[in-house]
Each structure stands twice: as C-alpha cells, then as structure tokens.
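So you can see what is in the structure, the chains are spelled out below.
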Amino acid sequence: MKMTFRHYGPGDPVTLEQISQIPVVRSIVSAVYDVPAGGVWSYESINAVKSAAAAHNLAFEVVESVPVPEEIKLGAPEAAKLIDNYCENVRRLGAAGVKCICYNFMPVFDWLRSEMEHISPDGSNSLAYDEQTVLAMNPLTGELSLPGWDESYTKDQLRGLLARYESVGEEQLWKNLQTFLEAVIPVAHEAGVNMAIHPDDPPWGIFGLPRIITCEKNLDRFLSLVDMPENGLTFCTGSLGANPENDLVKMAEKYAGRIHFAHVRNILHTGERKFHEVAHPTDCGSLDIYGIVKALHKGGFDGYMRPDHGRMIWGERGRYGYGLYDRALGAMYLSGLWEAIDKENKA
C-alpha cells in the first residue's frame, strides 16, 4: 500500500511543504487544472506538477482526475475525437511516470452534498447530505450550491445538459461507458497506467440523471466490460458506504486485486439517505474502517490509498473536505492500521 495525499496545485491552501511533513505520505494526487475537459494536457504542464512535487521529495504517480467530457457520456458525435484526446492524455501521463488515473462517469454533477459546513458538537464542521433537502432544491434556479458544477455551467447550459440526458437512461450510459473503455484501456495497458473509476457519490440517481457505478452488482458488470487488469476501481468508502446495503468489507476483499486506488473516509448515517462526514476512525462513524482496511490487505491490495474528505478542525478554513489537519490525522490512522495488520499477518 502506498499512502498519498490530494493536492490541488499552486492555489491549494495546503502546501506541498506541509504535505511533505506528514511522515507516511510519499506521493501527491493531483492534476493539470488549466485545460478544459476534453483538451490535451501539455507535457510542460504535466512535468510542472511532477517537478513541484519532486522539489519536496514527493512523487506524482496518481492523477485525480482526467475529466470525462459530457459529450462522451452522452455518446454525442464529438465523442470519438474527445476519446482520442483522452487516450493522448493517458499516453503523456504514462510517459511522465504516472501509474494510476482516477476518473468518474457521473452525468453532469460530481459529488453532491446538501451542506458544506455541518457543525458537530465538538465544533468541527464537515460535508453533509440530506436527501430531503436535495429533493427540495431546483438545480435550474441556482438554489442548489454544489462544488464544481455551479462554477462550470451557466443556468442555460445546465438546463440544456439536463434536457439532453432525458434520452439517456442507464442502459445507454452503460453502452457509452463501454465505448469509452474499449478505446482507453488498451492505451492504458501500453502506457503502463491503471485506470480507476470512482463510484457515484451518492450512489443513486439524482434529478432524473442515471448513475451506474453504485453497488456490487454494477461493479461486477463494470469490470466485465473490458476484462483487463488496467480496468479497475477507485474504492471510495464514503461514496459506496452512503448506501448501507453495500457490504464494504466483503467488496474490499472481493475487488482488492482490481482496486488501484482507495479513498478511505468515514461517514455517520443519521437517517434514510442522510449522513455527514466524520473523522476517519471506525468508532467515529457508521463504517468499519478497520474491517475494510483488513479486507483490502487480505485480498492483496497493493495500490495507492489516500485519506478522503476530512473535517475542518482547529479553526482551519479552506477547500471544503480538503483541509490539512484532519486528513493528516486520517493518513496516520490508516497507515497505523495497515502496519499493524501487516505485521500481525507476518508474525
């Protein structure tokens, strides 16, 4: 297992110097942020990320993410050209030493929350989701404030996208995903890069949009679309764990050999389709983080891991879910679990 830490580039309030001081972290997870989705990343931009990390004795081996344009998900006429561009990015990243690319196939919206600063009794705050709150919102009127989309689309653009997806159900989305994988995975194989799809977050349909990377049955189907080792998973405990019916311990062991990247965070269920994010240790939430890590180890997981969304603690302000302190605590906790499990199994 290789512990990593997400970094959002030069504008990230969490600096590379700070990340380098977390004892267990050896690599950053980052991307090129100055190219729109569908464009080709320049060698100069890729190498700039790599060089900045190296200056702090950090590797750059995981990209999160190379965004998949909506035209590909929709199966639009422009999809073929955009897939070619995507393949070129995979080649360039492989040549730069990147070993794993995390991406998602969620239509329109990335991860969705109803509250960015849910206050806990101890004064910390975290991301929260309440289905009833979300259903009462209207994404076309600007009442819904989400990370990402509200900066990417105008109301008219969003309205147009939602209208186009009215003719794309789950089966069509599966077909469009297979078309994408059949083109990209062989290129990834040649480039020495593992592709790791991120589960839908939350793992159910929203605003009439289909979502398909949601559960064990669908992960089985996904891995069979192109049955090559490079076609793998980002195992996000918070995303899959939002649905209590997902047995994360079972899934972690079952898919360990095809999990190239693990996002580990804990959440606390407080009602039906209602949860908020908490500190990483098992006792803090509803997920058996110890059991999940043990199952990954038992299944032979040898990929990259990062502490996922953290709380804002000790007065920190910054990018929601991506402060320094709680994620650093999470990295240490997860590494401690792994070391203990590893040594116990070798005894």
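As a convention, each chain's residues are numbered from 1 in the sequence order in which they are written. Confidence filtering applies because this is a predicted model: local features only for residues at pLDDT of at least 70, side-chain atom pairs given and counted only at 80 or more, and all residues used for totals across whole chains, interfaces and linings. For the side-chain quantities, the full set of heavy atoms in the structure was used; hydrogens and water were omitted.

**Quick word on the nonpolar core**
Here comes step 1: For our purposes a nonpolar core is just a set of buried Ala, Val, Leu, Ile, Met, Phe, Trp, Tyr and Cys residues, chained together by side-chain atoms within 4.5 Å. Buried means the residue's accessible area, taken with a 1.4 Å probe over protein chains only, is under 20% of the maximum for its type, while exposed means over 50%, and partly exposed covers the values in between. Residues Tyr86, Ile101, Leu177, Phe180, Met195 and Phe222 are the most contacted members of the largest nonpolar core, which totals 94 residues.
Here comes step 2: For this core, the leading source of residues is helix H8 (residues 170–191), giving nine residues.
Here comes step 3: By definition, residues are in contact when any of their heavy atoms lie within 4.5 Å. Discounting residues that sit within four places of it in the chain, Met195 has contacts with Tyr86, Val90, Ile101, Tyr103, Val184, Ile185, Ala188, Glu230, Asn231, Gly232, Leu233 and His260.
Here comes step 4: Membership of the second largest hydrophobic core comes to seven residues, among which are Val29, Val62, Cys102 and Phe261. Only DSSP runs of H or I covering at least 4 residues are called helices, and only runs of E covering at least 2 are called strands; the numbering of each starts at the N terminus.

**Observations regarding unusual backbone geometry**
Here comes step 1: Cis rather than trans, the peptide bond between Glu64 and Ser65 has omega equal to -5°.
Here comes step 2: Locating Ser65 in the fold gives a position in the loop between strand E3 (59–64) and helix H3 (70–74).
Here comes step 3: Cis geometry is found at the peptide bond from Asp201 to Pro202, where omega equals 0°.
Here comes step 4: Following the sequence through the fold, Pro202 ends up in the loop between strand E7 (194–197) and helix H9 (216–225).
Here comes step 5: We note that Phe207 has phi near 50°; this positive angle belongs to a residue other than glycine.
Here comes step 6: By the secondary structure assignment, Phe207 is in the loop between E7 and H9.
Here comes step 7: Taking the relative accessible area as the measure of exposure, Phe207 reaches 27% and is therefore partly exposed.

**Some remarks on the packing of H9 against helix H11 (residues 248–255)**
Here comes step 1: With axes taken as lines fitted to C-alpha atoms, and helix axes fitted only over the stretch in contact, angles between N-to-C directions fall between 0 and 180 degrees. Look at H9 against H11: their axes get within 11 Å of each other, and the N-to-C directions meet at 15°. On the basis of their axis angle, the class for H9 and H11 is roughly parallel. Of the two elements, H9 crosses H11, and the hand of that crossing is right-handed. The segment H9 lies against H11, with Glu216, Leu219, Asp220 and Leu223 engaging Lys250, Met251, Lys254 and Tyr255. Should an angle lie under 35 degrees it is considered roughly parallel, over 145 roughly antiparallel, and from 65 to 115 roughly perpendicular; all remaining angles are considered oblique. Crossing handedness is read from the near helix: turned anticlockwise from the far helix by less than a right angle, it gives a left-handed crossing, and turned clockwise, a right-handed one.

**As for the sheet that holds strand E8 (residues 231–236)**
Strand pairing within a sheet occurs via backbone hydrogen bonds; the two strands may be parallel or antiparallel.
Here comes step 1: When DSSP finds at least two bridges between two strands, those strands are taken to pair. Spatial ordering of the closed barrel is given by E1-E2-E3-E4-E7-E8-E9-E12, a layout of eight strands whose pairing is parallel. In this sheet, neighbouring strand axes are inclined to one another by 30° on average, regardless of whether the strands run parallel or antiparallel.
Here comes step 2: Here strand E1 (residues 2–6) runs beside strand E2 (residues 27–30); their pairing, made up of three bridges, is parallel. Within E2, the residue paired with Arg6 across the bridge is Val29.

**Description of H8**
Here comes step 1: Expected span of a helix, by definition, is 1.5 Å for each gap between consecutive residues, and there is one gap fewer than residues. The end-to-end C-alpha separation of H8 is 30 Å, in line with the 32 Å expected for 22 residues at 1.5 Å each.
Here comes step 2: Two axes enter the definition of the bend at a residue: one is fitted to the seven residues ending there, the other to the seven starting there, and the bend is the angle between them. Along its length, H8 reaches its greatest deviation from straightness, about 30°, at Leu181.
Here comes step 3: Within the span of H8, buried status applies to Leu173, Trp174, Asn176, Leu177, Phe180, Leu181, Val184, Ile185, Val187 and Ala188.
Here comes step 4: Buried residues in H8 make contact with H3, helix H4 (79–95), strand E4 (100–103), E7, H9 and E8.
Here comes step 5: Directly after H8, the chain includes Gly192, whose backbone phi takes a positive value near 75°.

**Comments concerning the packing of aromatic side chains**
Here comes step 1: Pairing of aromatic side chains here covers Phe, Tyr and the six-membered ring of Trp, requires ring centres within 6.5 Å, and sorts the geometry by plane angle: under 30 degrees stacked, over 60 edge-to-face, intermediate tilted. Evaluated as defined, the whole model comprises ten aromatic pairs.
Here comes step 2: Measuring from ring centre to ring centre gives 5.0 Å for Tyr86 and Phe180, while their planes differ by 80°; the resulting arrangement is edge-to-face. With Tyr86 in helix H4 and Phe180 in helix H8, the pair connects residues that are 94 residues apart, well separated along the chain.
Here comes step 3: The exposure class of Tyr86 is buried, given its relative accessible area of 2%.
Here comes step 4: Looking at Phe180, the relative accessible area reads 0%, which means it is buried.
Here comes step 5: Seen from their ring centres, Phe301 and Trp338 are 6.1 Å apart, and the 80° between their planes marks the pair as edge-to-face. Placement of Phe301 in the loop between helix H12 (289–298) and strand E12 (304–307) and of Trp338 in helix H13 (residues 325–346) is noted, with a sequence separation of 37 residues between them. Of the two residues examined, Phe301 and Trp338, each falls in the buried class.
Here comes step 6: Here the aromatic residues Tyr86, Tyr103, Phe105 and Phe180 are joined through ring pairs into a cluster of three or more.
Here comes step 7: The criterion is that NZ of a Lys, or CZ of an Arg, lies within 6 Å of the ring centre and within 35 degrees of the ring normal, and then a charge sits over that ring. Positioned above the aromatic ring of Tyr304, the side-chain terminus of Lys2 is 5.0 Å from the ring centre.
Here comes step 8: Across the ring face of Trp204, the terminal group of Arg273 is positioned such that the distance to the ring centre comes to 4.3 Å.

**Looking at the pattern of salt bridges**
Here comes step 1: Salt bridge, as applied in this entry: a Lys or Arg side-chain nitrogen positioned within 4 Å of an Asp or Glu carboxyl oxygen. One pass over the full model with this rule turns up 24 salt bridges.
Here comes step 2: Ionic pairing is found between Arg164 and Glu71, a salt bridge with its closest N-O pair at 3.0 Å. You can see Arg164 sitting in helix H7 (residues 155–164) and its partner Glu71 sitting in helix H3, a full 93 residues away along the chain.
Here comes step 3: Given the relative accessible area of 37%, Arg164 is considered partly exposed.
Here comes step 4: The partner of Lys250 in a salt bridge is Glu216, with the nearest N and O atoms 3.4 Å apart.

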